[in-house]
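# Descriptive analysis of the structure
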Amino acid sequence: MSQRPTKAITQTPFHYGAAYYPELWSEKQIAEDIAHMKKVGINCVRMGEFAWHTMEPKQDQIDLSFFKDIILRLWENGIQTVLCTPTPTPPRWLTYQHPDTAFVTRDGIKYEHGARQHVCTNHPFFRQRSDIIVSAMARELGNLPGVVAWQLDNEFKCHISECCCETCKGLWHQWLREKYGTIDALNEAWGTAIWSQYYENFEQVPQPVTTPFLHNPSLELNYRLFSMDKINEFAHRQAQLIRRYCDAPITHNTGMSFALDNQALFQDLDFVSFDTYPGYQNYGHLLFQYDRFRGMQHQPFWLMETSPAHAGCTLHTPAPHPAGFLRSEGVSAIASGAMGFHYWLWRQQRTGCEMPHGSILTSWGEPNVGYENAKALGHILKELAPIVEKAPVDQAQVGLLYSDIANAFFKGEFGEMVHYQDAVRSIYYQLMDLGVHRDIITERDDLSRYRVVIVPYLPAVDDPLLERLTRFAQNGGTLLIGPMTGYRTTEHTVPTDHALGKLEALCGVHVLQFYRADGTDAQMKGFGLCCAPVHWAAPCSPVEDTESLAAYETSLHPHCSAITRRTLGSGAVYFLAATPDAEEADAFWKGLLEQICREGKVGYRYPTDRGTLAVPHGEGRILFLVNMDGKGATIPLEGEWKDALTGKAVTAPVKLDPYGYAVLEKA
Amino acid sequence: MSQRPTKAITQTPFHYGAAYYPELWSEKQIAEDIAHMKKVGINCVRMGEFAWHTMEPKQDQIDLSFFKDIILRLWENGIQTVLCTPTPTPPRWLTYQHPDTAFVTRDGIKYEHGARQHVCTNHPFFRQRSDIIVSAMARELGNLPGVVAWQLDNEFKCHISECCCETCKGLWHQWLREKYGTIDALNEAWGTAIWSQYYENFEQVPQPVTTPFLHNPSLELNYRLFSMDKINEFAHRQAQLIRRYCDAPITHNTGMSFALDNQALFQDLDFVSFDTYPGYQNYGHLLFQYDRFRGMQHQPFWLMETSPAHAGCTLHTPAPHPAGFLRSEGVSAIASGAMGFHYWLWRQQRTGCEMPHGSILTSWGEPNVGYENAKALGHILKELAPIVEKAPVDQAQVGLLYSDIANAFFKGEFGEMVHYQDAVRSIYYQLMDLGVHRDIITERDDLSRYRVVIVPYLPAVDDPLLERLTRFAQNGGTLLIGPMTGYRTTEHTVPTDHALGKLEALCGVHVLQFYRADGTDAQMKGFGLCCAPVHWAAPCSPVEDTESLAAYETSLHPHCSAITRRTLGSGAVYFLAATPDAEEADAFWKGLLEQICREGKVGYRYPTDRGTLAVPHGEGRILFLVNMDGKGATIPLEGEWKDALTGKAVTAPVKLDPYGYAVLEKA
Amino acid sequence: MSQRPTKAITQTPFHYGAAYYPELWSEKQIAEDIAHMKKVGINCVRMGEFAWHTMEPKQDQIDLSFFKDIILRLWENGIQTVLCTPTPTPPRWLTYQHPDTAFVTRDGIKYEHGARQHVCTNHPFFRQRSDIIVSAMARELGNLPGVVAWQLDNEFKCHISECCCETCKGLWHQWLREKYGTIDALNEAWGTAIWSQYYENFEQVPQPVTTPFLHNPSLELNYRLFSMDKINEFAHRQAQLIRRYCDAPITHNTGMSFALDNQALFQDLDFVSFDTYPGYQNYGHLLFQYDRFRGMQHQPFWLMETSPAHAGCTLHTPAPHPAGFLRSEGVSAIASGAMGFHYWLWRQQRTGCEMPHGSILTSWGEPNVGYENAKALGHILKELAPIVEKAPVDQAQVGLLYSDIANAFFKGEFGEMVHYQDAVRSIYYQLMDLGVHRDIITERDDLSRYRVVIVPYLPAVDDPLLERLTRFAQNGGTLLIGPMTGYRTTEHTVPTDHALGKLEALCGVHVLQFYRADGTDAQMKGFGLCCAPVHWAAPCSPVEDTESLAAYETSLHPHCSAITRRTLGSGAVYFLAATPDAEEADAFWKGLLEQICREGKVGYRYPTDRGTLAVPHGEGRILFLVNMDGKGATIPLEGEWKDALTGKAVTAPVKLDPYGYAVLEKA
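Here we take up the overall build of chain A. For chain A, the count of helices and strands is 17 helices and 30 strands. Its C-alpha atoms give chain A principal-axis dimensions of about 80 × 75 × 40 Å. Pairs at least 24 residues apart make up 73% of the contacts formed inside chain A by residues separated by at least 6 positions. Here chain A displays about 21200 Å² of accessible surface, and carbon together with sulfur accounts for 48% of that area. Placing the 58 positive and 76 negative side-chain charges of chain A at their respective mean positions leaves the two points 5 Å apart.

Glancing now at the relation of the copies chain A and chain B. For the pair chain A and chain B, the best superposition has an RMSD of 0.0 Å and corresponds to a rotation of 120 degrees with a translation of 0.1 Å parallel to the axis. Interpreted geometrically, this transformation is the action of a three-fold axis.

To continue, consider the interface of chain A and chain B. Listed as interface residues are 54 residues of chain A and, on the opposing side, 49 residues of chain B. Here chain A and chain B share an interface that buries about 4500 Å² over both sides, 61% of which is from carbon and sulfur atoms. The largest contributions to the chain A side of the interface with chain B come from Arg350, Trp364 and Val369 of chain A, which together make up 15% of the buried area. Where Arg350 of chain A meets Glu188 of chain B, a salt bridge forms, and the shortest distance between an N and an O atom there is 3.8 Å. Applying the counting rule to chain A against chain B returns 18 residue pairs in polar contact (both at pLDDT 80 or more). The set of elements that each furnish at least two residues to the side of chain A that touches chain B consists of helix H2 (52-55) and helix H4 (92-97) of chain A. The biggest single contributor to the side of chain A that touches chain B is H4 of chain A, with 3 residues.

On to the interface of chain C and chain A. Each side of the interface is counted separately: chain C has 54 residues, and chain A has 49 residues. Taking both partners together, chain C and chain A bury about 4500 Å²; carbon and sulfur atoms supply 61% of that area. If you sort the residues of chain C by the area they bury against chain A, Arg350, Trp364 and Val369 of chain C come out on top, with a joint share of 15%. Counting across the interface, chain C meets chain A through 2 salt bridges. Summed over the shared surface of chain C and chain A, the number is 18 residue pairs in polar contact (both at pLDDT 80 or more). Of all the secondary structure elements, the ones that give two or more residues to the side of chain C that touches chain A are helix H2 (52-55) and helix H4 (92-97) of chain C. The element contributing the most residues to the side of chain C that touches chain A is H4 of chain C, with 3 residues.

The rules behind each value
Residues numbered from 1 in each chain as written. Chains lettered and ligands numbered in written order. Predicted model: local features only at pLDDT ≥ 70, side-chain atom pairs only at ≥ 80, totals over all residues. Heavy atoms only, no water. Helix = DSSP H or I, 4+ residues; strand = E, 2+ residues; numbered from the N terminus. Contact = heavy atoms within 4.5 Å. Areas by Shrake-Rupley, 256 points an atom, 1.4 Å probe, with all protein chains shown as cover. Lys, Arg positive; Asp, Glu negative; His and termini not counted. Charge placed at Lys NZ, Arg CZ, Asp CG, Glu CD. Least-squares fit on C-alpha atoms with pLDDT ≥ 70 in both. Buried area = accessible area lost by both parts, 1.4 Å probe. Salt bridge = Lys/Arg side-chain N within 4 Å of Asp/Glu carboxyl O. Polar contact = N/O pair within 3.5 Å; in protein donor to acceptor, adjacent residues only side chain to side chain.

Put into structure tokens, the structure is as follows:
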């Protein structure tokens, strides 16, 4: 795999864009569209992701002149292009000729041509046709002026998860052979002596299709890992082909909830982009994504898809955002490190199931509901871009770990009780309430950037990560392990040395058992507070010098600890045995996190709560404040500040209108 | 297709009947049944719809003598027969020999023999066997004395919707070829450039079987239209065969919720009949059906199936109606234009999944729970029949449009939010509250019968209908367009000239966009009232002389109108942008509909509300009043009235007992 | 079939055991396990049910030496073994070689290898391999010292119900041929003239796979009976093979909710055992099972599986029981006639989907959450065993009928409204409230053991049972028939002589109709009380000398009776027309059951309610009291009692701690 980044994209000129489908419109409409884009401030369009048929109407009759022409016309009008490979929608000639390319579900249903992602991306014929069209695009379009970036395919695995077709079956067996070497290594790792599951050879290992009860969770987990590996292999193969011909940076338009290993996916891509359609009440979800996708490569990202007013399809359409929300969505994006903000889509679809989706123009070419908001935001972002170009987002001192691999574990266990994303996000909201500037990090990250690292809801901690966490603390870091961390091996089995395996030594605890706490009489007592635990708990006893900061009390077993702290080298390791619940949970978290932040000497903290975003830039010299909850805010800042745009002095407290923002500079 | 009606059925003698299955009972029981029918007042039975095996126990061994005998015996006892073709339950020899006749679901499940409608009615072998048995019946039984009418099959598509078998696939491609001529006409109409859906030939067009996300709504809609066309083709083919041999009028026992285009189905049949099993709380649903099925052919109809006490099957059985409800069900039927009222069924099933269903006699031949009510109703209907024979239901002056095609659209879009039947019915209830005598009409109806026409929830208004609506208004009619009308083309795509296409010119408005109103801050202000809109809205600006009657206010876009009015020729066009919701909705509707009725000079209005039915007969000389809600009513009538049955003078106000009725005649 | 019991198992030494899977653990761990078992008081382990692969790693390479060795080592350590046949988990070599062994669902899904019960137990190749492994086990292991009993397979039909594979299709036709002789006998019995279902031969009878609506309930019922017959045939075949080689008693680990005919299953086995994982709130469910499984053979039973703390799998895991509950579970077991109490499982699974399940030791060999409770219970049971050995549970005088066949009926009709188990159990709770010692009996039981027999919710009463019920009353018994009894024939059709067929003559009533009472205005009036009926009702008129004890009033039909009583011979027959509901239902039941118990001169009654169990032993000389609801209890006993363990006098009232117990002996 090639090294990233091959080419950097800067935050200025800020890429203010929209998805565009010229293949759907007449020459007259295209001309009007391009003229209108300039009026709205659009300087970048994304094209091609569903246009395979336009590019190759019959097999091997590739003709890219239409897109070549559009790219050049856009460029002449000052509009750059993000070029997408068109593989999410293989054309009918491909599927009609090769019905065995169909995606097959766990229930054995072969998907019919229609919608998107109806084809197994591992099928050799599909892969071959993908190679040909991607290479042709890279060769013929990749070096045109205005081509600012590439997007691979679109929203991998947004409609589907694991394919169970015959092609996948063969690749699955091959993948297992490569991973385990011998079938007995697999049998031992998965414990197939259970229920006489023992396999005599790799060919006997089933795919996780319907069975009377549950498959072995090790099989389930590995099939998810296999599927995530394979789609990344497909992505990286496209990237390689593109790089043969041109050097524009490459991204993928990913999402939080797709069945993907984003960490591995973006390791070999040049920058991160993603889509999101937050309901206005879910602004916390939006900020979580900004921090996550900035954290993934520690460089600016693009928001590649969002709606000027509302998402929608013929199945379900939410109501338009309230006025003002789009502004806070856009300003919080650039404040959080976005260097691109793109709408889906420029002109409302005339046909197909996404007709009801919001857009900038209507199908008949007039301003749509969110038009004025989008136009106004364009001006704002243009004004703010020079500020962030000179003063990028500051490196956070607190890292909160979120892992796509952990997510795969929760799909196979506890999913009924714990929604992984929600669970991690609930801790994120606690950090927001403390006004702490933070990153979302992955388990592959360089921990030395942080003073505090929080590792919750991570079922398996592998040896390299354990080693890095240990080193982090030894070198002065403050580490919080838990809740629900380390109770499984990487093969989704139970550790057999201790409840949490080697993690117990790091934390200096002995865990009684990892079991369901929800519905018992247990209480977590600490910080003068008392909380019932939810989810699962790992009540422990401190070992040696470890101190107990909170008790775990229940009639089920003798007194244990709910929180412990251990000094390690020049740092410290905190262990949290369970997730606090009920009325006092926020106060309980506050007690714990305040102590940790204090011990970690965490800077970049502001007197905001989860309703308002605060992001420091340029070593804390610049401060972005954005009201997200639509209630407005009054922020009692200390020190002397001025307005970064006007230079006027600002007197504390700073008042923000609903969805309002301020960019302050130290005076 | 032949012209209807080939033969009229009058309202007297009123056909008071029951479904009868002599093939299930012994000779002794049959004799008892016939004797007992006379006691209850049954003068008509319906037979044969599930008796294919009795008629043709082995392929080509047709023997109809059993039914011939029964028909003659009934006739000798003064009981007429409705003969049904037995095609809903093809016998086992047919399916066993041809397993490929099986109905196939969208998920690819082939239905097993069992239940009903397990066969694809398009399969050539099934069609051939249907031709043979239907022809034999018509030839041998059709001219027997007492055969008063034919029923084709039974409840088409009551258990199933669109079949996706291989036979259907071929016919689908042929149907598309006939509709579009060239594949590129289809590609353009459906906008298949979206998502690379482009088809090179008709054979490539998929059936709407399972795919990762949504099919193109144009494909979805057309497959529904195809399916509805095909079942009608099947029905009309049966009708043609029958007409070769006999001239009894032909009907089908249809229902509100089956996957059918009833308008087209009954266009070539002789009279309308349907089944309904209303819960007593849903009496409004019942009246809606009476008005609809009378309106469909503008002549009397039959209620072909209802229960004397309760419906039921082994899966689910509702409780029996409260005492009295059956009376109001029957009297409202004849008041609304019924010329037949039939029970399902005479004698409780001894076996099969409908054992728990209500009936007149029990399996063991004794009076069942609803027996006395049914007997009493028989007398009442006999007494009322001469009145309606002389004074049929008056032509209503208000027509409310209900369309099976619209229903097909809502199955493909907005179905999550809008239940089409419920939505139209909620307007119907407003008309009930205003005491307006009304018809439910179809888009193929002669509008000149009406003073006011209301066209709500009609996604696509085709050019001929648009033209007829225009003419209606120009000629002095008062037209109400909306809510949720005209936002799609007939191909289920977005109009590209205006939000509502050419409809905007008729209404004299410019619509901003058609978008989801539910969940926004919008308010509809008019008639001194203020309502939030639900569902989707088409906020508009009046053009030229159009006046705004109510405002549409929201922070999302500048001030628009919620209701407009435009003078057109000697009539007027009202446009309603959205469905009012919340507490004031009824008052809002009342304000609008009162104005429209006033402008339309609507007569036949009575001081009743939705709890009591009022139906004028004989140019308003006779008035039926029926209490439907079981609460009784006091009706302050003006003018001099007498009791139509006794001739006694009636003094206002008229008091109705719970479920009571009165038939008044102008004194 | 052989006669039972071939060999008795006594209640002392009490079998205190756990499921053990030595095939999953190392030699070192096994040694530790055996040592640890002795510490906890485990004197019996259950092994082998999932170990087919360990026993026969490749086809025909059977090697049982591992288990032979373990059994001997256990025996040397004073631990007996229950040997299980390993057929619930056929190994991969079997399914890979014969994919047609797969279980097929009603929807046509072929289950993949994985989980358990993925194979059709009727498949000839599977049956052949089962014969071979079972015979080998019996021959080589059956006569080892310590092999105290055999368990056939495990939890038959716990994950699955009826298989619809091709093998089953052929067997189904053969089963029908044997049952009905001629196809016309079947056609008549099922009433296939309905819906043209008539079959020309047995091959045409479908399996109940997906069809557009409902299959004939006679077909549904018979397929369930067929499936239950076949699994019993499989069980009895295993038992026969085992008995060829050894004479240890044979059982099956069954459950309340599996798709089984337990009555027929255990008729040819030697003792009853079952599993249950009650939530602590469902202690009534637990006691119901104790009484049922004791009643099934009228001899002691084993609880073969329960959890020391909580059940669980990766899909769902309940919270651990509160402290104390395990004690009440165990003491109520021995009080109710258990001679074995086994945990699932000894050591927490390291892999597979049951990792989260509670156990005595953790995967890493330390005490798990419920460890101390299990250890304490072992001591208690050891102490109590001699008492129950000398004074077994007294024969109850009240029998409440529960039938697996009735359950099969309710799966095909009324299941939406009536949950059969819950319905019968709600009457059971009334008996608990009256402090009545009771048995749960089956329709095949010897009724002469009882003074009162209650027959509720039994859709079909066949002639032999009717005859036995009649004789029971004639000979002085007091019989309660209903609610919801006798309304169907044994073929799941409607009786055609009377609503309840010949049962009406026994009860001395004439039933109007059996219909849904829930949702009507009906009231049951008696005992000075008034209750609405729920479910379905059979309102009746007393005939001849029958007296009415309660009225059934409704506007739907003339006055009927809700309860009647008739003297028959030296006994009496009560008939209950419907299930009382609402606030007064408990009082209504109390009124009825008090009268019946009084008339039946029922002894063994104690002043307890459903919160506390009272069980007489040794002709009433010994009394077990166990608090089940965790609230403690105060029991005002009459007479002189002493503590059966300590001999100390006990003064009334007896106080029980939460989950506490007392064993009293008459002083």
